[in-house]
Every structure is written in structure tokens, then in C-alpha cells.
Amino acid sequence: MTYLLHIFILIGIYIILSLSLNLIAGYTGILSMAHAAFYGIGAYIAALMALNFNSPFILNLFLAVIGSSILGALVGIPSLRIKDDYFIIATFAFQIIIFNILNNLVSFTGGPMGLPGIPQPVIFGIKISSHFSFLVLTAILCAITYFICNKIVKSPFGRILKAIREDEVFTKSLGKNVSAYKVKIFMISSGLAAISGVMYATYITYIDPTSFTLMESIFIISIVIIGGAGNLKGSIVGAVVLVMLPEILRFVGLPNSIAANIRQMLYGGLLVVFMLWRPQGFIGEYSFNRNNENG
Amino acid sequence: MFQQYIFNTLITSSLYSIIGISFAIIYRTTRFLHFTHAVVFTSGAYFTFLFYKLFGFSIYFSITLAIIFSLLLGCLIEKSIYKPLRKKQASSMILLLASLGIYILLQNLISMIFGDDTKSIRSGVVKEGINILGARITPIQIIIIITSVIVTILLLLFLKKTKTGKAMKAVANDVELANISGISSNRVILISFAIGSALAGLAGILVAFDVDMTPTMGMNTLMMGVVAMIVGGNNIKGIVCAALLLGFAQNFGVWYISSQWQDAIAFVILIIFLLFKPEGFYGKKLRKQSV
Amino acid sequence: MDNLLKIQNCNKHFNGIIALDDFSCEISKNEIVGLIGPNGAGKSTLFNVITGFISIDSGQITFNNHTITKKAPNKINKFGISRTFQGLRLIRQMTVLDNILLSFKKQPGEHLENVFFKNKKAKEIESENKRKALKLLKDTGIEDKANDLADDLSYGQQKLLSLLCCLASDAELLLLDEPIAGINPAMIEKILFIITELPKKGKSVILIEHNMDAVSQVCERVIFMDTGKKISEGTPEEVRNDPKVIEAYLE
Ligand SMILES: Nc1ncnc2c1ncn2[C@@H]1O[C@H](COP(=O)(O)OP(=O)(O)OP(=O)(O)O)[C@@H](O)[C@H]1O
Ligand SMILES: [Mg+2]
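What comes next concerns the included structure. (Residues numbered from 1 in each chain as written. Chains lettered and ligands numbered in written order. Predicted model: local features only at pLDDT ≥ 70, side-chain atom pairs only at ≥ 80, totals over all residues. Heavy atoms only, no water.)

1. What to know about the overall build of chain C
No. 1: Looking only at helices and strands, one finds ten helices and ten strands in chain C.
No. 2: Computed over the C-alpha atoms, the radius of gyration of chain C is 19 Å, within 12% of the 18 Å expected from 2.2 N^0.38 for a compact globule of 251 residues.
No. 3: Based on the C-alpha atoms only, the size of chain C along its principal axes is roughly 60 × 40 × 35 Å.
No. 4: Looking at the 251 residues of chain C, the share that counts as buried comes to 55%.
No. 5: Contacts in chain C between residues far apart in sequence, at least 24 positions, make up 68% of those at least 6 positions apart.
No. 6: Carbon and sulfur atoms make up 51% of the accessible area of chain C, which totals about 11400 Å². (Helix = DSSP H or I, 4+ residues; strand = E, 2+ residues; numbered from the N terminus. Rg over C-alpha atoms; globule rule 2.2 N^0.38 Å. Buried < 20%, exposed > 50% of the residue type's maximum accessible area, 1.4 Å probe, protein only. Contact = heavy atoms within 4.5 Å. Areas by Shrake-Rupley, 256 points an atom, 1.4 Å probe, with all protein chains shown as cover.)

Right, dumping it as C-alpha cells:
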């Protein structure tokens, strides 16, 4: 039972990550390979606050979101100048730089040893420590994230994001400040990703940089794409499928030594298969089919 | 000490420039980021390990065979995945995502077959360095530098002098125009995959002889090659210069900050270039304003 | 005459190709001006320069006494200049209605804070805009397509839609780049009719068009340009009979 609850909590964490990345990748059409960096920044901010200042969970969550969205702007602003392939490489670069910082600033982040003993959340006097209460908290945060994302994509603001995705030049010609929208959506998306990080840190009570690698970023973008870019429900489908699928393998009785590899191969393979035959993912509305000729 | 830094810079730069050039050859004709290149690079090392250590073939035969297998691997990926995708008019983003998928697939396949631990093909080759001008340098490191110089010169000649080389340039400039003028872009792309992959395999082997191999060695090295390509402006001479700049910054950066920051140094250089000189050292502006 | 747009001595070249060569002209309020000239004359470039998509090498452009040289395209649109593109741009994966809704100016719902707060006002304006959009569609007889993807429209209907987007943006000056090229006669009539009505609504138009009959039908004034220079200007009749124009076409 705890095992199932654990899986559901993980799914919840990945739903928040993929919902938030969907705003950038699926709705605005910008591939970003740095989402795990924001996930990590959220986790580290909350962990460091809790460990050093013993500050309350809600405040840590708030600061994590703010801190991460400020860094989000840092990635969003270059997206105005750097385009397409080069922007993807720039997000790779950002991701690896953040990983390096987490890994190398040993006195501050604990380096490769990570940060152990992160206190569990206490919200309005209630200590969240059982798996079940964590699941409830995760579910609530998922619902809030979904509500926020849904509001955004259904609004005229969201309409502009989609327009940017389809044709930046046309959107500019209609008087929309494309740059401002890109930076804003990057900030929102990174801020939301930080929620996942905070949940992860306080749930596992230990973090180290290996949870926030480039490979993790690629995993998150795979969830968005396989589930369906440009559709919030797709992100939920994607997270459920990609987190559950390898767990099912566990019951097939694969030896542990190769299970991890098989798991990765499975999602790598899925990504290729989807690109070949169903680039819009399960229920997506965008398939990255725009061969970019925008100025 | 100083001489040692110079040598280290040369070695690092040679490596980045082979990787950068091998990647650029493919990128120029296909216009998408073929991340699977990282695993083609790694495969060179592991094929050598397989033939040399497990099958007991002679070292030179193993290396030759490994390069051929890397070449075939690259071509196989092109034929079985990229070409069908191109046929469906897939965008460069879709191709890129597919290439990431193949990368994950193949990298884990290598992990599964060979294990995640470090494998070595060094035994038998002299590990002890020799002293040159006060710097310690191993024979394999000298080979790396010489190979990179030879490869660069050969490629420059190939692109300038041969018909195939010129066709590659034509496809790089404008696929449609090349197709109209009777060049088969698919054939040229396949050739560029062959050359690029063979070079990547070779680079993987050289690295393995220098510092052993792990299944994940490819991505990091490839990223440095990509950085060299972008900073160089997707042009062979530019890539060599950029590789020198990167090698220099990383090795001399160690003087001021610790060696763990080498990756970060390279990527900071990249971001600076992307922001302020996106066309790189030698590159022309890649895109014209289109309205 | 009330001056609306003033272009002074504009120059633009693309690596050696001269697209605009000391080009000057003025557009008044409530008039339709035809801009004609052979392929590659620099007509579309002039539009791109006015709307800020391409920066000029030298020269000055003022609109309603505001200098708009070197301003960003979105700013220029806000001053009241709207355009269509020769290569027909629309958001093809959005519905016809959404394309028009996107084009309205000053939408509170486009501000992030209004997505979450004060959104009653935003909702009101959104439904108000929806009414206006449906009326535009109805007036032009494609209201049944409102919920189709723009991509599913015929080419002529797409051109009509891009004109409707300009109308929705409520601009004072419309720059129309070959709005009737390649479409059927019935649709041409429909679009030309919309254009002729514009001055009555206080709008001005610059119309790029190769079809001289259409130009003569809707424009009082025509500017002929070639290799980036203004060659001739006057009524359609005058320009058509200008020896310099005839010479340019014979070359
Ligand atoms: N973004 C650009 N980059 C480089 N050259 C350009 C660009 N835009 C236009 N040109 C060149 O400038 C010249 C003028 O082009 P423009 O599109 O303005 O002509 P036009 O009068 O609109 O012709 P047409 O009737 O064919 O539409 C052409 O030679 C064209 O090749
Ligand atoms: Mg034109």
C-alpha cells in the first residue's frame, strides 16, 4: 500500500512538472531542456531555508516559487534573441551550469553529498509525515497547478501564447509584445516547477544534484510530448503513463541490475516511436511541426 | 607547469575540434541537432573494447572494425529513423526529439550489455608519460593531437576538392536548390552521416585510450563539440579556433577556480557567444530576416 | 489635407540589393492609395519598414505626428497601423473566430493579472469582442465558418479573414499586400467592396496590387515604384500613361 501511495506521490510531482513545462513547450512552442534545473532550484531553496532557518513550509514554498521564477526570467530573456536549435542548446547549457553549481558549491549545497534531514512540512500546525498525508498535499498542489495552468491557457493571454507558437511574426503584427509574453510564461512555468521541487525535497527528506540532471529534463519534456503537448490533460496522461509503465516492469520480474536500463530504454524508445508515428502524443494539440521560418 | 597547461590545452582542443567537426558535418547538411552522435562516439570505444578485449582481435584490426561499426551505426540511424522522418516533412524539432530518444535507448543498451563501470583498453599501451619541454605527455595524447590535425586538413581538402565535398556544401547551403540541380540530398546526407560517425567513433576510441570509457561519456564530450561548433560558426576553421578557445579557457581557468567548473566555463562562453555574437567566429548570419 | 503617414527619404538595402532608394511619400486621412510596381520593386519592403519588421538604413517615418522609425512592430500596431502579409499569415491552427478575437486591441484578458483577478471586466470585454467578431463574419458572409480552423478555409476566405483581422484591430491605416491576388472573382468583388467602404469609416489604406483594373476601381491616387524609387504618382489614369512607367515596364 505504501508502495502504491509512493508511486501516486511521484506521479503527482511529475504532473506538476509536466503541466508547467507544457505552458512553455506545448502552448508557446519553445522547447526547453532546463526544466529539471527549476525543479532542483525549488528543492534546494526550500531545503536550505528549512535546514538553516527552520522557516515554515509555506514560506519556503513561496520563496522557492519566487526564486525559481526569477531564474526563469533569466532563461526566458535570452529566448528573445536566441532561436530554435541554438536556444535548445542554451537551455542545455543553463541546465548543466545549474547542475554544476549544485554539485560544486559544496559548503552551500552539500555538493554531491546532498542535503540530508530536510524537515517534513508542517501546514497550519498539521505535520505532513505519512504517505497518505503527503499524497493529499501533492494532490492539492496538483489541483492548484492545474487550475492556474487552465486559467492561463483558456484566457486571451493563453490565446496569445498559442499564436506565438504558430506564427510569431503575425502575432507581433497584431500588436502583441511577444517578448514580454515569453518572459512571463517562462517565469510562471519555472515558478510552478519549483512546487514539485519543494514537494520532492520534503517528501524524500534528502536531495542531491543527481535528481536534477539533464536526463531528468529530457524525461520531463518526454512526458509533455508523449502525453500531448498543448493539452493540459495530456500532461496528466503522460506523467501517469511514464511513471507507471516502468513500475509495471517490476512485476514482470526483471532483475534489478537491468531494470533501470530497461526503464530508460522504454521511454527513449517511446519517444522515437511517437516522433515517427504520432508526434502530437496521446492527446496533444501541437506536434512541433513548425519548421521555423519566423523572424 | 605552464608547459603542461599548454599541452593540456592542445589535447583538449584537439578532441573538441574532432567532435565539433564530426558533428558539424552532419548538422550542416541536415540542419537538426543529432544528439545520438554522442552514442555513436561512445560506440567507437565500446566496439573497440568488444573486439580487442572480448574477441581478442589485434588492436589495429579492432580499431578499424570499431570505426567501421560506428560509421554503420550512424548510417543505420539515418536510414531507419531520420530519413523516414524527413520524408514526413518532420520539423527539425521532431528530428531532435527523436535523436534524444535514440540516444537514451542506445546509451542504456550499452550500459545494460557492458555495465556502468569504467572499462579500459589501455593495457599494453604505454601509460607512462614522456617528458617533452617540461610537460608530461603520453603517446596517445600525441596521437590525439596529430590525428586531429590530419583529420582537419583531410576534411578541408575533401570539401574543397572532391565532387562529393562540393555537393555537401551545396546541400548545406540550400537543400532545395541542390535537389533541383541534380544532387541527391539523401545520398549526400548519408555520406555526411558516414563521415561524421566514423570520425565520432575514432574520437571515442582516442578518448578511451586516454582516459578509459563509461557508457555516459558521450553526451558531455558531444556538448563540448557542439559548443565549439556554435562558437566557431559552423565552419571548420572556426571550429578549430573555438576548440582552442574552449580548451584554453578550461585549462587555464583551472588556475583560478577548481577543475570542477570546466563544464560551466564552456557553457558560459557559449551563452556569451549566443547572446552577443550568435554567428560565431567565422559564420555568416545563419538566417535572413524573413517577414 | 489631413496628413496621416509621412515617409521621408527612406533607404534600405539587403547586401547590395537596393530595396528602397530615397523613397518619400505621404498618405492622408480617409484615402486609398494604390502602390504598384514590377516584382522586386520594394513594395513589400516598404510595408515591412513602415510596420517595423525591417529597420531602415536611413530616413524617417511619422504617423499622426509620432515618429515611428525604429519602433518595434507591436508598438507600431498600437499607434494604429495594421497590415496583411503577401505570404498570407494567419494562425492556421486556431479557429476563424479566435483569429479575429486575437486581433482586437486593448484586451484586459491579455494581462496576466486579469487572468486571475478582476476578471469580470475581462470577461465582459471578451464577450463584447466576440459579438463584434461574429458581426464582422456575418457581414462578410462567413459566419458559418466561425468555429472552423483557419487552415480549413479556402484561400480566398483566408485572405478575407486576414483583412477582417485588420478591421478588428481598428487601425487608422491599413497596409494591404496583394489582398486579392490568386482568388476568385466573387471574392475579389467582396474584398474590394470592403476596401472601398473604409474611408467612410475614417480609415486609410495603402493597397499593393498588380491588377491595374482593381487599382483603378478603388484608388483615387496611385504611386508607382521601381527598384526602390518612386517613379510616378497621380491618378490611376495619369500613372498608367506616364512614359517613365511605360519605360519601366518595358525594361
Ligand atoms: N528580408 C530580406 N532579405 C534580403 N533581401 C530581401 C528581403 N526582403 C526583400 N528583399 C529583396 O528586396 C527586393 C525588394 O523586394 P520586395 O519583396 O519588397 O518586392 P515587391 O515589390 O514586394 O515584389 P513583389 O511584387 O514580387 O511582391 C527584392 O530584390 C528582394 O529580393
Ligand atoms: Mg511584395
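2. Side note on the side chain of B:Thr147
Residues and elements named next belong to chain B.
No. 1: Within the fold, threonine 147 resides in helix H5 (residues 139–161).
No. 2: In terms of polar contacts, threonine 147 uses its side chain to reach the backbone carbonyl oxygen of isoleucine 143, at 2.5 Å.
No. 3: With residues near it in sequence (within four places) discarded, threonine 147 still touches Leu202 and Leu206. (Polar contact = N/O pair within 3.5 Å; in protein donor to acceptor, adjacent residues only side chain to side chain.)

3. As for the interface of chain C and chain A
No. 1: Contact residues are listed per partner, giving 28 residues for chain C and 24 residues for chain A.
No. 2: Taking both sides of the interface into account, the surface hidden between chain C and chain A amounts to around 2400 Å²; carbon and sulfur atoms contribute 65%.
No. 3: If you sort the residues of chain C by the area they bury against chain A, C:Arg89, C:Leu102 and C:Glu110 come out on top, with a joint share of 25%.
No. 4: In this structure, the connection of chain C to chain A is made through three salt bridges.
No. 5: At the boundary of chain C and chain A, one finds ten residue pairs in polar contact (both at pLDDT 80 or more).
No. 6: If you list the elements that add at least two residues to the side of chain C that touches chain A, you get helix H2 (73–79), helix H3 (96–103), helix H4 (112–116) and helix H5 (119–139) of chain C.
No. 7: If you tally residues by element for the side of chain C that touches chain A, the top one is H3(C), at five residues.
No. 8: Residue classes in the side of chain C that touches chain A are distributed as 13 nonpolar, nine polar and six charged. (Buried area = accessible area lost by both parts, 1.4 Å probe. Salt bridge = Lys/Arg side-chain N within 4 Å of Asp/Glu carboxyl O. Nonpolar A, V, L, I, M, F, W, Y, C, P; charged D, E, K, R; others polar.)

4. A closer look at the site of ligand 1
No. 1: Taken together, 16 residues sit near ligand 1, with C:Asn39, C:Gly40, C:Ser44, C:Thr45 and C:Gln86 positioned nearest.
No. 2: In this structure, ligand 1 sits where chains B and C come together, each supplying nearby residues.
No. 3: One of the backbone nitrogen or oxygen atoms of C:Gly40 is found 2.8 Å away from an oxygen atom of ligand 1.
No. 4: At 2.7 Å, a side-chain N or O of C:Ser44 approaches an oxygen atom of ligand 1. (Near = heavy atom within 4 Å.)

5. Looking at the environment of B:Gly201
All names here are of chain B.
No. 1: By the element assignment, glycine 201 lies in helix H8 (residues 185–211).
No. 2: Along the chain, glycine 201 and isoleucine 68 lie 133 residues apart, while their C-alpha atoms are 8.4 Å from each other.
No. 3: The residues touching glycine 201, leaving out its near neighbours within four places in the chain, are Val40, Phe41, Gly44 and Ser70.

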